[in-house]
Amino acid sequence: MGIGSKGEGKIKQKIKMRRPSGGTNPWFLLPSLMGVTLFVLVPFGDVLRRSFASAMGGQAVGFANYTAVFANKAFRLAAANTGRFLGVCIPILLALSLVVALCLYALGERAALFKTSLLIPMAVPVASVVLLWQVLFDGQGLTNGWLTGAGGSAVSWMDSPMAFWVLVGSYIWKNLGYCVVLWLAGLAGISPSLYEAARVDGAGNVQMFFWITLPNLLPTLYTLLVLSLINAFKVFREAYLIGGDYPHTSIYQLQHLFNNWFRELSMDKLSAAAVVVALVILGLIMLLRRAWDKED
């Protein structure tokens, strides 16, 4: 039996009514917005309030907590060490991971096994990393055993400025694979036709790297900079587990200071310092975003 014109009209009207609109429904954002508000914005607002109040009683004290934080020698030492750690680790990590990614990209499918092995450190628990540190860098550890066996003298790795470089090595080892994977994703997004056209014009490998590869990797570089900046603050776990509350001064970072203030219930100074660090990180990310926008 055929369908009349009236029946066809009703069916088309129903289909039209059920057709989704082209715009995005803002209600889909509500669960995420509620989670961010409950677990991020509200706690940070409370920290901001506490930074202008006394630890006991909650009386308003203005900027007295911030003045006390900047006058604190431990805070200045921890801030300097954290800045030094970021300034050393991030450039080394990005440069080394880019070199490894370029080598693996050149190998093509033959590099599948190497890509997998580079991600293994990310799956290693922090406690296992600390155990590895103790085996390698203890006073009677393997590293000193190799040094004395070769005729050298033992080194106090974790009780000397060498502790800083041990921490740097641990950070790079644990985050190298993740950065390599992101670099490889950026390299895969570059059209091979660009390289073919450059070869036709007589460009060499070095010229193609600086004029094609690097400019097309700028978005990936921005992502890696932000992620590396955030991950650098997580290295505190290793330093704390092996060095305790008061490790060697070269690896005494802001997280050590925050942990000690939390144990002392110095919530006023802790809150003020946390706000300062949050503003510094936000400022760095905004500067990076502005620099990338200019490049675009």
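Everything that follows concerns the structure shown earlier in this document.
Note that the structure is predicted; figures quoted are calculated from it, not measured.

Undergrad: Looking at this structure, how should I read the overall build of the protein chain?
TA: In terms of helices and strands, the protein chain carries 15 helices and zero strands. Taken over C-alpha atoms, the radius of gyration comes to 27 Å for the protein chain, far larger than the 19 Å a tight globule of 296 residues would show. With the C-alpha coordinates aligned to their principal axes, the bounding extent of the protein chain is approximately 95 × 65 × 40 Å. The buried share among the 296 residues of the protein chain stands at 33%. Look at the contacts in the protein chain between residues 6 or more apart in sequence, and 68% of them connect residues 24 or more apart. Here the protein chain has roughly 18500 Å² of accessible surface; of this, 68% comes from carbon and sulfur atoms.

Undergrad: Would you mind showing me how to read the pattern of salt bridges here?
TA: In this structure the tally under the stated criterion is two salt bridges. The salt bridge partner of arginine 50 is aspartate 46, with a shortest N-O separation of 3.0 Å. On the criterion of helical spacing, the pair formed by arginine 50 and aspartate 46 is a turn pair, its members being four residues apart in helix H2 (residues 30–50). Residue aspartate 46 is classed as partly exposed on the basis of its relative accessible area, which comes to 30%. Among the charged side chains, a salt-bridge network with shared partners connects Asp46, Arg49 and Arg50.

Rules used in this analysis
- Residues numbered from 1 in each chain as written.
- Predicted model: local features only at pLDDT ≥ 70, side-chain atom pairs only at ≥ 80, totals over all residues.
- Heavy atoms only, no water.
- Helix = DSSP H or I, 4+ residues; strand = E, 2+ residues; numbered from the N terminus.
- Rg over C-alpha atoms; globule rule 2.2 N^0.38 Å.
- Buried < 20%, exposed > 50% of the residue type's maximum accessible area, 1.4 Å probe, protein only.
- Contact = heavy atoms within 4.5 Å.
- Areas by Shrake-Rupley, 256 points an atom, 1.4 Å probe, with all protein chains shown as cover.
- Salt bridge = Lys/Arg side-chain N within 4 Å of Asp/Glu carboxyl O.

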